[in-house]
Amino acid sequence: QAQLVESGGGLVQPGGSLTLSCVGSGIDFRQNAMAWYRQAAGKQRQWVAGITARGSTEYTDSVRGRFTVSRDDAKNILALQMNKIEPDDTAVYYCNDWRAVLANTAHWGQGTQVTVSS
């Protein structure tokens, strides 16, 4: 079973930047499409960005142009560079196997909290 550990969240002012990281064990990010998700308080978890095994990236409209998903194959780390952060970006952020999530077979980690506040 894959283990995913997210980190890098914190308190950030609007307009600021953060980089989230996801370290994986038991799963090779090079072989799997991976994605970032987020869940704001009282709301359903939503897909944010994804990267295919070939390195193609996709983003939800609200973050396109501000967030960048990338992968360090040597370290098996998934990253999410967040720029021009907005209050609506406040949420717990998770990474996961994109296909497993779509198949409803994914196991979720603890996530990392991002709070946007001035």
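Keep in mind that this is a model prediction, so the values were computed, not measured.

Student: Looking at this structure, how should I read the pairing of strand β9 (residues 91-97)?
Tutor: Along a regular strand, successive side chains alternate from one face of the sheet to the other. Counting buried positions along β9 gives seven out of seven residues, so the element sits mostly inside the fold. In the sheet, strand β4 (residues 34-39) pairs with β9 via six bridges, with the strands oriented antiparallel. Across the sheet, Gln-39 pairs through a bridge with Val-92, a residue of β9.

Student: Help me out: how do you make sense of the side chain of Thr-60 in this one?
Tutor: With respect to the helices and strands, Thr-60 occurs in the loop between β6 (57-59) and β7 (67-72). In contact with Thr-60, not counting residues within four places along its chain, are Trp-47 and Val-48.

Student: Looking at this model, I keep getting lost on the nonpolar core. Mind explaining?
Tutor: Generally speaking, a soluble globular protein has its nonpolar side chains buried in company with each other. Counting 25 residues, the largest nonpolar core has Trp-36, Val-69, Leu-78, Leu-80, Met-82, Tyr-93 and Val-114 as its most contacted members. Secondary structure elements with two or more residues in this core: β3 (18-25), β4, β5 (46-51), β7, β8 (77-82), β9 and β10 (112-116).

Student: How should the environment of Glu-86 be read in this particular structure?
Tutor: Structurally, the position occupied by Glu-86 is in the loop between β8 and β9. Glu-86 sits 31 residues away from Ser-117 along the chain, and the two C-alpha atoms are 8.7 Å apart. With residues near it in sequence (within four places) discarded, Glu-86 still touches Arg-66 and Val-116.

Student: I would appreciate a short explanation of unusual backbone geometry in the present structure.
Tutor: With the exception of glycine, most residues fall at negative phi, and the peptide bonds are largely trans. Even without glycine at this site, Lys-84 takes up a positive phi of about 50°. Classification of Lys-84 by relative accessible area gives exposed; the value is 57%. Unusually for a residue other than glycine, Asn-104 sits at a positive phi of about 60°. Secondary-structure assignment places Asn-104 in the loop between α1 (98-102) and β10. Classification of Asn-104 by relative accessible area gives exposed; the value is 70%.

Student: Looking at this model, I keep getting lost on the sheet that holds β7. Mind explaining?
Tutor: The strands that make up a sheet are held in pairs by hydrogen bonds between backbone atoms, and each pair lies either parallel or antiparallel. Spatial strand order, β1-β3-β8-β7: four strands in an open sheet with antiparallel pairing. The open sheet has two edge strands, β1 (3-7) and β7, and neither has a second partner. Strand-to-strand, the axes of this sheet are offset by a mean angle of 15°, without reference to chain direction. Two strands pair when backbone bridges link them, and β3 and β8 are joined in this way by six bridges, in the antiparallel orientation. Paired with Cys-22 across the strands is Leu-78, a residue of β8.

Student: So what exactly am I meant to see when it comes to the packing of aromatic side chains here?
Tutor: This model, assessed by the stated rule, comprises three aromatic pairs. Between Trp-47 and Trp-98 the ring centres are 5.5 Å apart and the planes differ by 20°, which places this aromatic pair in the stacked class. Of this pair, Trp-47 sits in strand β5 while Trp-98 is found in helix α1, placing the two residues 51 residues apart along the sequence. We classify Trp-47 as partly exposed; its relative accessible area is 24%. Trp-98 sits in the buried class, given a relative accessible area of 12%. Here a set of aromatic residues connected by ring pairs shows up, and it is made of Tyr-37, Tyr-94 and Trp-108. Its guanidinium or amino end placed over the ring of Tyr-94, Arg-45 lies 4.7 Å from that ring's centre, counting from NZ or CZ. We note Arg-45 situated over the ring of Trp-108; from NZ or CZ to the ring centre the distance is 3.6 Å.

Reading the values: the criteria
Residues numbered from 1 in each chain as written. Predicted model: local features only at pLDDT ≥ 70, side-chain atom pairs only at ≥ 80, totals over all residues. Heavy atoms only, no water. Buried < 20%, exposed > 50% of the residue type's maximum accessible area, 1.4 Å probe, protein only. Helix = DSSP H or I, 4+ residues; strand = E, 2+ residues; numbered from the N terminus. Pairing = 2+ DSSP bridges. Contact = heavy atoms within 4.5 Å. Core = buried A, V, L, I, M, F, W, Y, C linked by side-chain atoms within 4.5 Å. Axes fitted to C-alpha atoms, helices over the stretch in contact; angles between N-to-C directions. Phe/Tyr/Trp six-rings, centres within 6.5 Å; stacked < 30°, edge-to-face > 60°. Lys NZ or Arg CZ within 6 Å of the ring centre and 35° of its normal.

Any functional reading would require information that these geometric values do not contain.
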